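Descriptive structure summary
In case you want the letters, here they are:
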Amino acid sequence: MDSLNRRQAGKIDPSIRFADVQKPAPPRVVGQMPDWVPKVDTPAINVPASGDIAVTAAVFAALGAWSLLEDTLQPTGTPTVPGLQLALGYGAAVYFLREKRKQKMGRANLLAVLGLAVGAAVGGIMEGWLRVDIVPIGGLDSGPVLVSEFVFVALWIASTFLD
């Protein structure tokens, strides 16, 4: 009613037909996120120099060999959990992400935890499928050691190729 009174009083330009109606916003581009959604910096895959790949591969291969050796030296049926090797692998992944890939500490820890979780999930699925505690593969008769091998591979991928 106020707009009618203003129009009749001549306070509104007569060329404006409906003063209260807002002009429609321009349409958004399909696939564009709304402004209120925070921008997420997703990990990108980046191939480093071959020397960096070899160094990180050697470190994680040594940790994997150490956990396999520890499992083969234990009596059959004795569960072996390579906790020290996994902790050193996590620390090595954070170190490589910080020093070689120039990541901040929070992002380096996030990528290392991501590698740890993905490796544990894939290793757990493979251990459930292979059941090395029932039917050993070579000298490998401990499920946690098999899972740790997949964790080392995932940590190596995360610390070498994710940016």
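Residues numbered from 1 in each chain as written. Predicted model: local features only at pLDDT ≥ 70, side-chain atom pairs only at ≥ 80, totals over all residues. Heavy atoms only, no water.

Points about the overall build of the protein
Assigned secondary structure in the protein consists of 5 helices and 0 strands. Element order for the protein, N to C, with α for helix and β for strand: α-α-α-α-α. The buried share among the 163 residues of the protein stands at 29%. Relative to all contacts within the protein whose residues are 6 or more apart in sequence, the contacts with residues 24 or more apart total 68%. Accessible surface computed for the protein: about 10900 Å², of which carbon and sulfur atoms make up 66%. (Helix = DSSP H or I, 4+ residues; strand = E, 2+ residues; numbered from the N terminus. Buried < 20%, exposed > 50% of the residue type's maximum accessible area, 1.4 Å probe, protein only. Contact = heavy atoms within 4.5 Å. Areas by Shrake-Rupley, 256 points an atom, 1.4 Å probe, with all protein chains shown as cover.)

Quick look at a nonpolar patch on the surface
The grouping of W66, L84 and L88 at the surface amounts to a nonpolar patch, some 290 Å² of accessible area in total. In this structure, W66 sits in helix α2 (residues 50–73). (Patch = residues over 30% accessible without salt bridge, like charges linked within 9 Å, V, L, I, M, F, W, Y side chains within 5 Å. Salt bridge = Lys/Arg side-chain N within 4 Å of Asp/Glu carboxyl O.)

Remarks on the nonpolar core
In this structure, F60, A93 and L155 are the most contacted members of the largest nonpolar core, which totals 16 residues. Sorting the residues of this core by element identifies α2, α3 (83–99), α4 (105–130) and α5 (143–161) as the ones contributing at least two each. The contacts of A93, once residues within four sequence positions are left out, are F60, A112, L155 and S159. (Core = buried A, V, L, I, M, F, W, Y, C linked by side-chain atoms within 4.5 Å.)

Considerations on the confidence of the model for the protein
In this model, the protein carries an average pLDDT of 83, and 82% of its residues clear a pLDDT of 70 or more. Within the protein, the lowest mean pLDDT, 76, falls on helix α1 (residues 2–9), and the highest, 93, falls on α3. (pLDDT = per-residue confidence, 0-100.)

A word on unusual backbone geometry
Of note, the phi angle at K102 is positive, near 60 degrees, even though the residue is not glycine. Secondary-structure assignment places K102 in the loop between α3 and α4.

Thoughts on the side chain of T80
Relative to the assigned elements, T80 resides in the loop between α2 and α3. Take T80: its relative accessible area is 4%, and that puts it in the buried class.

Some details on the environment of Q103
As for its placement among the helices and strands, Q103 is situated in the loop between α3 and α4. Taking the C-alpha atoms as reference, Q103 lies 7.7 Å from D163; in sequence the two are 60 residues apart. With sequence-adjacent residues up to four places away left out, Q103 is seen in contact with L97, R98, A108 and D163. Within the structure, the side chain of Q103 is placed 3.1 Å from the side chain of R107, a separation counted as a polar contact. (Polar contact = N/O pair within 3.5 Å; in protein donor to acceptor, adjacent residues only side chain to side chain.)

Some details on the side chain of T56
In this fold, T56 is placed in helix α2. There is a polar contact of 2.8 Å between the side chain of T56 and the side chain of T160.

Structural notes on the environment of I45
Note that I45 resides in the loop between α1 and α2. We classify I45 as exposed; its relative accessible area is 72%. Measuring from C-alpha to C-alpha, the distance between I45 and D163 comes to 6.0 Å, with 118 residues separating the pair along the chain. When neighbours within four sequence positions are excluded, I45 is seen to be in contact with F161 and L162.

Observations regarding α3
The first and last C-alpha atoms of α3 sit 24 Å apart over 17 residues, in line with the 24 Å expected at 1.5 Å per residue. Within α3 the residues assigned to the buried category are Q85, G89, A92, A93, V94, F96 and L97. On its buried face, α3 is in contact with α2, α4 and α5. (Expected span 1.5 Å × (residues − 1).)

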